[in-house]
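Chain by chain, the residues:
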Amino acid sequence: MRIIPAIDIIDGKCVRLSKGDYNTKIIYNENPLEVAKEFEAHGIEYLHLVDLDGAKSSKIVNYKILEQIASQTSLKIDFGGGLKSDADLKIAFESGANQITGGSIAVKNRAIFEKWITEYGADKIILGADANNEKVAVSGWLEESDQELVPFIQEYQSKGIQYVICTDIAKDGMLEGPSFDLYAKILKSCNVTSSLSPRAESRGKIKLIASGGISTFDELPKLAELGCEGTIIGKAIYEGRISMKQLEQYILESK
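Here we summarise the structure given alongside this text. In this text the structure is predicted, and so the values were computed from the model without any measurement.

## Let's talk about the pattern of salt bridges
Inference 1: According to the stated counting rule, one finds 12 salt bridges in the structure shown.
Inference 2: Notably, a salt bridge pairs Lys64 with Glu67, separated by 3.6 Å at the nearest N-O pair. Of this pair, Lys64 and Glu67 are both found in helix H3 (residues 63–72), three residues apart, which corresponds to roughly one turn of the helix.
Inference 3: Among the salt bridges present, the one from Glu155 reaches Arg110, with a minimum N-O distance of 2.8 Å. With Glu155 in helix H7 (residues 149–157) and Arg110 in helix H6 (residues 110–120), the pair connects residues that are 45 residues apart, well separated along the chain.

Here it is as structure tokens:
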């Protein structure tokens with residue numbers, strides 16, 4: 001299972017929120033590049049970079065930070081937050097993103113998101129399926145849609161999506177543990193291998209990336225056992241609940 005630390009950006013600084021509430025902002029570092037370099041120094045290969053200013057303003061904002069980290073580290077970066085147009089996507093990839101995550105756009109403008117999957121390929125486009133009470137949330141989690149989470153993922157699975165990041169908003173930043181039951185439900189529903197369900201077979205299996213609520217190192221093997229392809233860790237690292245040494249050791253042992 002891939003370990004993917006998160007850097008969330010507001011006003012060019014590395015921050016964390018609780019349950020996506022901008023009023024709960026804590027600044028952890030004024031220099032996101034410094035944080036990214038520390039991750040890299042401990043054997044981390046992947047980074048989840050979120051433009052929270054972008055998510056709020058519906059257009060890419062902090063692409064210069066993406067460019068800095070991409071050009072000065074070898075981290076493979078998935079970038080999300082406010083990507084709403086072909087121009088936004090072009091800027092993200094030109095600034096060094098390895099993959100992009102589309103959340104709100106996948107709900108509000110399916111045609112453009114499906115076009116991105118076709119144009120860039122399923123290995124470059126991640127579906128951001130963030131949910132509250134199993135309903136998909138959009139606009140930096142400021143709005144809840146009427147979309148049911150599992151059918152939403154299945155629909156995009158049929159369009160070729162492979163990578164899915166799922167955050168249970170109620171858990172995000174709370175350090176109370178991830179939504180094991182929700183992830184088990186998604187994997188069971190989307191990765192059906194029964195001969196009775198040829199349609200599910202034809203969709204191809206999703207690579208589920210767990211996000212939100214990770215609080216202790218012991219939760220990582222459990223997520224791996226469930227079948228999660230990756231896990232995004234944020235506040236647990238910044239608050240010292242999970243050490244960089246532990247992650248370094250986990251990555252070494254996984255190889």
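## What about the packing of aromatic side chains?
Inference 1: In total, this model carries seven aromatic pairs according to the counting rule given.
Inference 2: With 6.2 Å between their ring centres and 65° between their planes, Phe113 and Trp116 make a pair best called edge-to-face. Placement of the pair is Phe113 and Trp116 together in helix H6, with a separation of three residues, close to one helical turn. Each member of the pair Phe113 and Trp116 is classed as buried.
Inference 3: Plain terms: the ring middles of Phe152 and Tyr156 are 5.5 Å apart, the flat faces sit at 80° to each other, and that makes the pair edge-to-face.

## Some words on H7
Inference 1: Buried within H7 are the following residues: Leu149, Val150, Phe152, Ile153, Tyr156 and Gln157. For H7, the angular spread of buried residues about the axis comes to 160°, placing them on one side.

## Some details on the packing of H6 against H7
Inference 1: Between H6 and H7, the shortest axis-to-axis distance is 12 Å and the interhelical angle comes to 45°. With respect to H7, the element H6 is oriented oblique. Taking contact as the criterion, the partners of Arg110, Phe113, Glu114 and Ile117 in H6 are, on H7, Phe152, Glu155 and Tyr156.
Inference 2: Residue classes in the contact of H6 with H7 are distributed as four nonpolar, no polar and three charged.

## Description of the environment of Thr167
Inference 1: Among the structural elements, Thr167 can be located in strand S11 (residues 163–167).
Inference 2: Judged by relative accessible area, Thr167 falls into the buried class, the value being 3%.
Inference 3: For the pair formed by Thr167 and Ala131, sequence separation is 36 residues and the distance between their alpha carbons is 6.3 Å.
Inference 4: Within the structure, the side chain of Thr167 is placed 3.2 Å from the side chain of Asp130, a separation counted as a polar contact.

## A look at the nonpolar core
Inference 1: Counting 67 residues, the largest nonpolar core has Ile7, Ile69, Phe113, Leu127 and Ile186 as the members making the most contacts within it.
Inference 2: Among residues more than four places away in sequence, those in contact with Ile69 are Ile7, Pro32, Leu33, Ala36, Leu47, Leu49, Leu75 and Ile77.

## Quick look at unusual backbone geometry
A negative phi angle characterises most non-glycine residues, just as the trans form characterises most peptide bonds.
Inference 1: Unusually for a residue other than glycine, Lys19 sits at a positive phi of about 55°.
Inference 2: With respect to the element layout, Lys19 can be found in the loop between strand S2 (13–18) and strand S3 (21–29).

What counts, and where the lines are drawn
Residues numbered from 1 in each chain as written. Predicted model: local features only at pLDDT ≥ 70, side-chain atom pairs only at ≥ 80, totals over all residues. Heavy atoms only, no water. Salt bridge = Lys/Arg side-chain N within 4 Å of Asp/Glu carboxyl O. Helix = DSSP H or I, 4+ residues; strand = E, 2+ residues; numbered from the N terminus. Phe/Tyr/Trp six-rings, centres within 6.5 Å; stacked < 30°, edge-to-face > 60°. Buried < 20%, exposed > 50% of the residue type's maximum accessible area, 1.4 Å probe, protein only. Arc of directions from axis to C-beta. Axes fitted to C-alpha atoms, helices over the stretch in contact; angles between N-to-C directions. Parallel < 35°, antiparallel > 145°, perpendicular 65-115°, else oblique. Contact = heavy atoms within 4.5 Å. Nonpolar A, V, L, I, M, F, W, Y, C, P; charged D, E, K, R; others polar. Polar contact = N/O pair within 3.5 Å; in protein donor to acceptor, adjacent residues only side chain to side chain. Core = buried A, V, L, I, M, F, W, Y, C linked by side-chain atoms within 4.5 Å.

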